[in-house]
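Residue strings, one per chain:
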Amino acid sequence: ILSGLVGSEMCIRDSNWTTWTCDSQAQVLWRYTDDSRKAVDVRLGGDDQVRRLKLEPSGSGSLYSDDMLAFHVKGEEGLVYWVATNDLIGRGCKAM
């Protein structure tokens with residue numbers, strides 16, 4: 001159920017999320033928005049704030065980003081970082 005939408009940020013209540021834990025112990029909850037896999041919804045640390053990230057060109061794996069957050073998936077793991085500052089939130093993110 002969508003309870004709000006502002007730009008690429010949404011508040012969503014749903015249990016259809018994949019949960020990964022990173023080497024930094026940061027939790028990343030994510031899901032593909034549809035079968036085309038051209039966008040993902042990402043939540044950090046179980047927060048209700050959801051970011052819709054679009055597929056971007058990448059040398060390997062799948063890179064999803066907006067103007068603030070990037071999520072790179074390669075195989076069964078990934079990394080997440082803040083775009084503007086290039087600050088790493090976590091790497092080696094995977095299902096535990």
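Look a little higher up for the structure.
Not measured: the values here are computed from a predicted model. Residue numbers here run from 1 along each chain, matching the order of that chain's written sequence. For a predicted model such as this one, the threshold for reporting local features is a pLDDT of at least 70, and the threshold for listing and counting side-chain atom pairs is 80 or more; totals across whole chains, interfaces and linings nevertheless cover every residue. No hydrogens and no water enter the side-chain calculation; it runs on all heavy atoms of the structure.

### Let's talk about the nonpolar core
So, point 1. In this description, a nonpolar core means a group of buried Ala, Val, Leu, Ile, Met, Phe, Trp, Tyr and Cys residues linked to one another through side-chain atoms lying within 4.5 Å. Buried means the residue's accessible area, taken with a 1.4 Å probe over protein chains only, is under 20% of the maximum for its type, while exposed means over 50%, and partly exposed covers the values in between. Grouped together as the largest cluster of nonpolar side chains are 15 residues, with contacts concentrated most on Val28, Trp30, Val40, Val42, Leu53, Phe71 and Val80.
So, point 2. Of all the secondary structure elements, the ones that give two or more residues to this core are strand E4 (27–32), strand E5 (39–44), strand E8 (69–74) and strand E10 (88–94).
So, point 3. Among the elements that take part in this core, E8 stands out by supplying three residues, more than any other.
So, point 4. Working rule for contacts: check all heavy atoms of both residues, and any pair within 4.5 Å makes them a contact. Other than its neighbours up to four places away in sequence, Trp30 contacts Trp17, Thr18, Trp20, Val40, Asp41, Val42 and Phe71. In this description a helix means any DSSP run of H or I spanning at least four residues, a strand means any run of E spanning at least two, and both kinds are numbered starting from the N terminus.

### Details of the state of the cysteines
So, point 1. In this description, the term disulfide denotes a pair of cysteine sulfurs within 2.5 Å. All told, the structure shown has one disulfide when counted by the stated rule.
So, point 2. Sulfur-sulfur distance for the disulfide between Cys22 and Cys93 comes to 1.9 Å. Its S-S torsion of approximately 100° makes the covalent link between Cys22 and Cys93 right-handed. Residue Cys22 is found in the loop between strand E3 (18–21) and E4, and its partner Cys93 is found in strand E10; the two are separated by 71 residues along the sequence. Pair check on accessibility: Cys22 and Cys93 agree, each one buried.

### Points about the side chain of Ser65
So, point 1. Among the secondary structure elements, Ser65 is positioned in strand E7 (residues 62–65).
So, point 2. Non-local contacts of Ser65, meaning those with residues more than four positions away in its chain, are made with Leu53, Lys54, Glu56 and Ala70.

### Some remarks on the pairing of E7
So, point 1. The pairing of strand E6 (residues 49–56) with E7 spans three bridges and is antiparallel. Following the sheet pairing, Leu55 is matched in E7 by Tyr64.
So, point 2. Counting the residues in the hairpin turn of E6 and E7 gives five residues, including Gly61, whose phi is positive at 70°.
So, point 3. Of the strand pairs in this sheet, E7 and E8 are connected by four bridges, and their pairing is antiparallel. When the sheet's bridge partners are listed, Ser65 is paired in E8 with Ala70.
So, point 4. The antiparallel hairpin formed by E7 and E8 contains three residues in its connecting segment. Two strands are said to pair when DSSP picks up at least two bridges between them.

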